[in-house]
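Residue-level listing of the chains:
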Amino acid sequence: GAGVSQSPRYKVAKRGQDVALRCDPISGHVSLFWYQQALGQGPEFLTYFQNEAQLDKSGLPSDRFFAERPEGSVSTLKIQRTQQEDSAVYLCASSLEGTGATPLHFGNGTRLTVT
Amino acid sequence: AQTVTQSQPEMSVQEAETVTLSCTYDTSENNYYLFWYKQPPSRQMILVIRQEAYKQQNATENRFSVNFQKAAKSFSLKISDSQLGDTAMYFCAFKLNQAGTALIFGKGTTLSVSS
């Protein structure tokens with residue numbers, strides 16, 4: 001497709017369940033970012049990949065959060081033992097390279113609700 | 001560390017009027033980009049306008065223009081001839097001109113355009 005694709009669009013999980021959120025970046029994009037956006041707030045950085053290498057995971061809020069991009073294209077954000085505070089929209093974004101010179105393209109996000 | 005502040009949680013404007021959204025940021029760096037993104041209820045983050053810090057000329061995109069005051073670290077967005085479709089949340093964002101650095105967002109301003 002032409003844009004960044006995220007699935008599922010909505011996910012409801014019971015507290016304690018594991019979830020996996022998928023991101024398909026634009027083909028050929030080197031950089032991939034994950035963001036967490038709480039209701040009514042701005043997106044907060046979680047982690048960054050350059051191709052398959054996870055170069056920055058400083059924004060991951062706990063060791064229950066794990067992200068991978070094994071072949072340098074599709075990325076998965078996994079949250080283990082979900083908690084209510086994990087409820088948020090998770091946004092994925094990709095760009096051709098990593099500076100601000102090329103635009104960051106965002107997906108529509110996955111809205112996670114933990115009950 | 002870089003921070004972005006949007007001091008107007010909500011703004012409203014009538015169709016065809018002009019509105020200005022405020023943004024200030026803090027950084028000790030000289031080489032960076034500033035952005036305004038629009039996020040409608042669909043959650044799609046759409047780039048509205050981009051400004052390179054080394055350019056003194058204010059960026060413009062059709063009805064959208066910025067007032068970039070580098071010394072004051074201010075980056076406001078002016079929307080002229082407001083349209084109903086401009087109703088959305090608007091985020092100011094900052095990015096260092098370095099590969100792999102994250103886009104840092106403000107908390108956003110909800111803009112409502114009424115007829």
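Reading the values: rules and limits
Residues numbered from 1 in each chain as written. Chains lettered and ligands numbered in written order. Predicted model: local features only at pLDDT ≥ 70, side-chain atom pairs only at ≥ 80, totals over all residues. Heavy atoms only, no water. Helix = DSSP H or I, 4+ residues; strand = E, 2+ residues; numbered from the N terminus. Rg over C-alpha atoms; globule rule 2.2 N^0.38 Å. Buried < 20%, exposed > 50% of the residue type's maximum accessible area, 1.4 Å probe, protein only. Contact = heavy atoms within 4.5 Å. Areas by Shrake-Rupley, 256 points an atom, 1.4 Å probe, with all protein chains shown as cover. Lys, Arg positive; Asp, Glu negative; His and termini not counted. Charge placed at Lys NZ, Arg CZ, Asp CG, Glu CD. Buried area = accessible area lost by both parts, 1.4 Å probe. Salt bridge = Lys/Arg side-chain N within 4 Å of Asp/Glu carboxyl O. Polar contact = N/O pair within 3.5 Å; in protein donor to acceptor, adjacent residues only side chain to side chain. Nonpolar A, V, L, I, M, F, W, Y, C, P; charged D, E, K, R; others polar. Disulfide = S-S within 2.5 Å. 1 Å grid on protein atoms, 1.4 Å probe; cavity = no way out; pocket = protein on both sides within 12 Å on 5 of 7 lines; lining within 4 Å. Points joined across faces, edges and corners; volume = space filled by probe spheres on them.

Caption draft 1: Looking closely at the overall build of chain A. Helix and strand counts for chain A come out as zero helices and eleven strands. When the helices and strands of chain A are listed from N to C terminus, the series reads β-β-β-β-β-β-β-β-β-β-β. Relative to a compact globule of 115 residues, whose C-alpha radius of gyration would be 13 Å, chain A shows 13 Å and is just as compact. With 115 residues in all, chain A has 46% of them scored as buried. Across chain A, contacts joining residues at least 24 apart in sequence account for 52% of those joining residues at least 6 apart. Put simply, chain A shows about 5,400 Å² of open surface, and 48% of that area lies on carbon and sulfur atoms. Across chain A, the mean location of the 11 positive side-chain charges is 9 Å away from that of the 11 negative side-chain charges.

Caption draft 2: Spatial organisation of the interface of chain A and chain B. Residue-level contacts link 26 residues of chain A with 24 residues of chain B. At the boundary of chain A with chain B, total buried surface from both sides reaches about 1,900 Å², with 50% on carbon and sulfur atoms. Its largest share of buried area at the contact with chain B, chain A owes to Gly100(A), Phe106(A) and Asn108(A), together 26% of the area lost on that side. Taken together, the links from chain A to chain B amount to zero salt bridges. At the junction of chain A with chain B, the criterion picks out eight residue pairs in polar contact (both at pLDDT 80 or more). A total of three residues in the side of chain A that touches chain B trace back to one element, the largest contributor, which is strand β4 (residues 31–37) of chain A. A per-class count over the side of chain A that touches chain B returns twelve nonpolar, twelve polar and two charged.

Caption draft 3: Structural context of the state of the cysteines. For the structure shown, the criterion picks out two disulfides over all chains. Note on cysteine connectivity: Cys23(A) is disulfide-linked to Cys92(A), with sulfurs 1.9 Å apart. Disulfide Cys23(A) to Cys92(A): torsion about the S-S bond roughly -65 degrees, handedness left-handed. One end of the pair, Cys23(A), is in strand β3 (residues 19–24); the other, Cys92(A), is in strand β9 (residues 88–95), and 69 residues separate them in sequence. What pairs with Cys23(B) in a disulfide is Cys92(B), and their sulfur atoms sit 2.0 Å apart. The disulfide joining Cys23(B) to Cys92(B) has a torsion of about -70 degrees about its S-S bond and is therefore left-handed. Here Cys23(B), found in the loop between β3 (19–21) and β4 (24–26), pairs with Cys92(B), found in strand β10 (residues 88–96); they are 69 residues apart in sequence, far enough to count as distant. You'll find Cys23(B) and Cys92(B) in the same group, each marked buried.

Caption draft 4: Looking closely at the environment of Phe65(A). All names here are of chain A. Relative to the helices and strands, Phe65 is located in strand β7 (residues 65–68). For the pair Phe65 and Gly28, spaced 37 residues apart in sequence, the C-alpha to C-alpha distance is 26 Å. Sequence-distant contacts of Phe65, that is, excluding residues within four places in its chain, are made with Gln36, Leu60, Lys78, Ile79, Asp86 and Tyr90.

Caption draft 5: How the structure looks around the layout of surface pockets. Computed from the structure, the largest pocket encloses a volume of approximately 250 Å³. Lining the largest pocket are 13 residues, and of these Gln37(A), Leu39(A), Gly40(A), Arg111(A) and Gln39(B) lie nearest its centre. A per-class count over the lining of the largest pocket returns seven nonpolar, four polar and two charged. Taken as a whole, the second largest pocket spans an internal volume of roughly 190 Å³. As for the second largest pocket, its lining consists of Gln41(A), Gly42(A), Pro43(A), Glu44(A), Phe45(A), Val4(B), Ala102(B), Leu103(B), Ile104(B), Phe105(B), Gly106(B) and Lys107(B). If you list the elements that add at least two residues to the lining of the second largest pocket, you get β5 (44–50) of chain A together with β11 (104–105) of chain B.

Just geometry here; none of it tells us what the structure is for.
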